[in-house]
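# Secondary and tertiary structure notes
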Amino acid sequence: MDWSNVFSQAFTQGIGVQAVIFAIAAIGLNVQFGYTGLLNFGQAAFLAVAAYGLGVSIAFAGLSIWVGLLIGIAAAVLLALLLGIPTLRLRADYLAIVTIAAAEILRLVFRSVTFNPVFGGSDGINRFADDFYALNPFSAGVKIGPIDFSANDMWIVVVGWVLVAFLSLLVFLMMRSPWGRVIKAIREDEDAVRSLGKSVYAYKMQALIIGGVMGCFGGFVAAIALQSIQPDYYGTELTFYAYAVLILGGAARVLGPIVGSVVFWFMLVFIDSALSNAVSSGAITFIQSTQVGQIRYWILGLALMLLMIYRPQGILGDKKELSLDAR
Amino acid sequence: MRRLLLMISAVALAFMAVLGGTSAAFAAGETIGGVIKSGQEGVAGVTLNVSDEEGFTEDVITDDAGEWVVEVPGAGQYLVTLQTETLPPGVSLTNPDRTSATIVVAKGQSKSVLFPTGEARVSSESTLDRALQLLVDGIVFGLTIALAAVGLSLIFGTTGLTNFSHGELVTFGALMAYFFNNLLGLPFLVAAAGAMLAGGLFGYLQDRFFWRWLRKRGTGLIAMLVVSIGLGILLRYIYLFFFGGTTKQYAEFSGQAGLALGPVDVTPKALIAGGVAIVFLVATVLWLRLTRMGKASRAIADNPALASASGIDVNRVVSIIWMAGAALAALSGIIYSLSNGISWQQGFQLLLLLFAGVTLGGLGTAVGAIVGSIIVGTMIQVSTLFIPSELKNVGALAVLIIILMIRPQGILGRSERVG
């Protein structure tokens with residue numbers, strides 16, 4: 001067993017690109033689910049339209065990366081409107097079904113042969129973000145203790161965490177404002193807010209859009225970091241990971257998504273690489289190396305169940321603030 | 001906590017015992033294979049070549065059944081070429097320009113490549129014939145998902161749980177039937193009956209030791225929804241771990257010649273499966289309509305506290321609903337895999353269509369779920385007349401969203417349940 005390698009990988013991934021992507025996705029979910037109580041199970045779709053908005057504008061339409069980012073954001077706003085208009089007046093679980101269905105629709109369209117010239121089919125869109133890496137100030141990789149990044153990874157990770165900090169600050173300021181108090185009141189008792197003369201529908205819609213646009217930056221980071229947009233990356237599992245991250249860290253807490261994402265990815269990669277190390281060194285014989293990747297999903301499923309049952313407030317949360325229930 | 005661990009380890013152990021034998025086969029070498037057919041007959045003596053860029057090349061000739069298989073050296077990208085001059089006279093490819101295909105094989109995968117022969121179907125068949133064919137296929141498919149949707153809808157009606165792990169009950173039925181049929185060698189019908197019983201038992205145990213415990217703890221409905229997502233992921237990857245990632249067929253009824261009924265071509269197994277589905281669906285509806293049990297379940301759906309106060313044993317009724325719903329879901333999985341093969345995520349792939357059917361018919365009602373599912377199933381198949389078949393589910397899911405806009409309570413639901 002090579003423990004130093006296991007720890008190195010776990011620490012690197014714990015603050016790496018995936019942790020950034022899921023922290024951002026969970027920040028968006030936090031606004032929707034944590035603060036407003038909206039069951040958005042299509043967060044993957046927001047990341048997908050952003051990534052494809054960016055990729056298609058650069059690779060297909062030949063626009064610059066900055067225009068691409070704007071198009072991605074516009075696509076996320078449009079998606080939020082499309083999802084919200086039919087469902088936000090209905091009971092909470094309808095939004096869940098519609099958002100998860102919409103995410104699947106988009107994934108199927110993105111990977112279809114019919115739209116292959118635009119979206120690239122199941123191969124997706126690749127190598128379009130060279131403009132971003134041309135701005136890279138890091139000339140060499142960075143290695144501090146167990147943490148090890150290449151120059152390009154370092155650049156996107158730094159940009160990503162700055163983005164996370166900015167979005168978290170934004171959430172912090174929003175939730176202190178009168179707007180944030182209305183949002184939280186809607187989560188606690190919709191009818192009470194309505195009787196005070198507030199338009200619950202409009203506030204929910206704003207929360208859905210803001211959460212979606214925040215989450216869509218996760219799609220930008222994913223697309224640029226991997227230099228590749230794969231339709232199947234944006235499957236329902238991505239949304240479930242984001243929920244696990246959010247609930248682990250603590251919903252309705254500004255730092256919840258960040259703590260959740262770092263802890264989640266550290267644990268996941270640690271268990272993953274410890275297991276595959278144990279398998280390849282012969283310490284564990286009843287699992288094959290191809291099956292190690294499946295175990296992480298057992299952990300994901302179990303974590304979601306156990307957290308929701310025993311500690312729905314997560315690491316940082318306050319149980320009193322999270323009395324979520326169907327309305 | 002103890003209970004949960006107990007249940008999970010029991011499920012895991014059961015699967016280790018059941019499917020332990022199959023996991024080893026999954027890691028075998030990578031192959032590319034296929035079958036060349038003319039009509040229903042296999043075509044023997046056709047030469048194909050499989051090659052890659054690193055210099056691997058192998059010729060293969062189809063056997064009497066028209067089947068061919070090549071063991072490739074490992075994962076990677078391969079080019080499969082069919083030598084058209086070796087096709088017997090009178091047999092030609094549907095698409096004469098497609099004589100080769102590029103195939104990406106992942107580690108441990110068995111990929112199949114198809115070269116359809118004969119006249120392109122679209123040109124030889126009139127649109128009406130094709131529509132009829134799709135209509136029949138669609139109704140059979142709709143009946144299949146209706147079986148699973150009934151349970152989803154009833155469980156929602158009585159306990160309020162939006163069960164995202166219902167698809168895993170569907171997969172469970174198919175896997176159990178595979179275990180009884182292929183590994184124990186029981187006749188298929190016995191295996192199917194056994195799998196339904198096993199499915200019902202699985203549903204009962206799930207409710208008795210897990211969901212009832214959560215209800216008693218006072219876990220909220222939204223929390224339970226997230227728990228069901230977690231349970232679904234866990235079960236799905238336990239299935240994958242023990243069953244493997246390839247799609248498998250039952251020992252019997254895997255390839256079956258179609259019967260021509262007028263312009264429509266149906267396999268006998270699909271006809272029988274459709275008939276079985278109708279019998280079970282009608283029986284379920286009658287059971288809910290005519291017995292005290294059904295009345296009790298409607299009373300619980302209306303108001304659990306009041307039902308309990310008027311002497312209905314709510315837990316018992318919910319248990320029975322869970323058992324029946326899970327057994328029907330298992331049957332649905334068996335029927336679906338009869339023509340589509342058994343796969344570890346077949347239930348999850350159907351789940352959104354189940355939701356579409358249930359929502360279309362009206363959440364919480366049995367008849368609504370059945371009607372809604374049949375409409376969804378038919379629509380999915382018939383829509384391939386107009387849209388590429390890879391996008392057929394997109395149409396169904398889009399209709400789900402549109403229905404929610406116009407009539408959120410569904411076509412048979414009562415409006416007071418919503419909002």
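All values derive from a computational prediction rather than experimental measurement.

This part is about the sheet that holds strand β4 (residues 47-51) of chain B. Residues and elements named next belong to chain B. Pairing is antiparallel across the open sheet formed by four strands, whose spatial order is β5-β4-β7-β8. Strand pairing shows two members of the sheet lacking a second neighbour, β5 (57-61) and β8 (100-105), which therefore form its edges. Within this sheet the neighbouring strands show an average axis-to-axis angle of 25°, counted without direction. Both β4 and strand β7 (residues 76-82) contribute to a ladder of four bridges, which runs antiparallel. Bridge pairing links Ser-51 to Leu-79 in β7.

Moving on: helix α2 (residues 17-35) of chain A. At 3.6 residues per turn, the α-helix brings residues three or four places apart onto the same side. Residue and element names in this part refer to chain A. Taking 1.5 Å of rise per residue, 19 residues should cover 27 Å, and α2 covers 26 Å from first to last C-alpha, within 8% of that figure. Of all the bends found along α2, the most pronounced is centred on Leu-29 and spans about 40°. Among the 19 residues in α2, 19 count as buried, and that is most of the element. Of the residues flanking the end of α2, it is Gly-37, one or two places downstream, whose phi is positive at about 80°.

Attention now moves to the pairing of β8 of chain B. All names here are of chain B. Only one face of β8 is buried: it carries Ala-101, Ile-103 and Val-105, and the other face, with Ser-100, Thr-102 and Val-104, is open. Summarising the sheet, β7 and β8 pair through six bridges and their orientation is antiparallel. Residue Leu-79 lies in a different strand from β8, and its bridge partner there is Thr-102.

Let's shift gears to the packing of α2 of chain A against helix α3 (residues 43-60) of chain A. Residues and elements named next belong to chain A. Between α2 and α3, the shortest axis-to-axis distance is 10 Å and the interhelical angle comes to 125°. Comparing the axis directions of α2 and α3 gives the class oblique. For the crossing formed where α2 meets α3, the hand is right-handed. From α2, Ile-21, Ala-25, Gly-28, Leu-29 and Gln-32 reach across to α3, where they touch Gln-43, Phe-46 and Leu-47. The residue inventory of the contact of α2 with α3, partitioned by class, reads five nonpolar, three polar and no charged.

In this assembly, 51 residues from chain B lie in contact with 48 residues from chain A. Note on chain B versus chain A: buried area summed over both sides is about 4,600 Å², and carbon and sulfur give 79% of it. Considering only the surface of chain B that becomes buried against chain A, Ile-222, Tyr-237 and Phe-241 of chain B emerge as the three largest contributors, covering 15% of it. The interface formed by chain B and chain A contains one salt bridge. Two residues, Arg-236 of chain B and Glu-237 of chain A, come together in a salt bridge whose shortest N-O distance is 3.3 Å. Here chain B and chain A share eight residue pairs in polar contact (both at pLDDT 80 or more) between them. For the side of chain B that touches chain A, the elements supplying multiple residues, two or more each, are α1 (2-26), α5 (188-217), α6 (221-243), α11 (346-361) and α13 (392-406) of chain B. Of all the elements, α6 of chain B adds the most residues to the side of chain B that touches chain A, at 16 residues.

Reading guide: rules and limits
Residues numbered from 1 in each chain as written. Chains lettered and ligands numbered in written order. Predicted model: local features only at pLDDT ≥ 70, side-chain atom pairs only at ≥ 80, totals over all residues. Heavy atoms only, no water. Pairing = 2+ DSSP bridges. Helix = DSSP H or I, 4+ residues; strand = E, 2+ residues; numbered from the N terminus. Axes fitted to C-alpha atoms, helices over the stretch in contact; angles between N-to-C directions. Expected span 1.5 Å × (residues − 1). Bend = angle between axes of the 7 residues up to and from the residue. Buried < 20%, exposed > 50% of the residue type's maximum accessible area, 1.4 Å probe, protein only. Parallel < 35°, antiparallel > 145°, perpendicular 65-115°, else oblique. Left-handed = near helix turned anticlockwise from the far one by under 90°. Contact = heavy atoms within 4.5 Å. Nonpolar A, V, L, I, M, F, W, Y, C, P; charged D, E, K, R; others polar. Buried area = accessible area lost by both parts, 1.4 Å probe. Salt bridge = Lys/Arg side-chain N within 4 Å of Asp/Glu carboxyl O. Polar contact = N/O pair within 3.5 Å; in protein donor to acceptor, adjacent residues only side chain to side chain.

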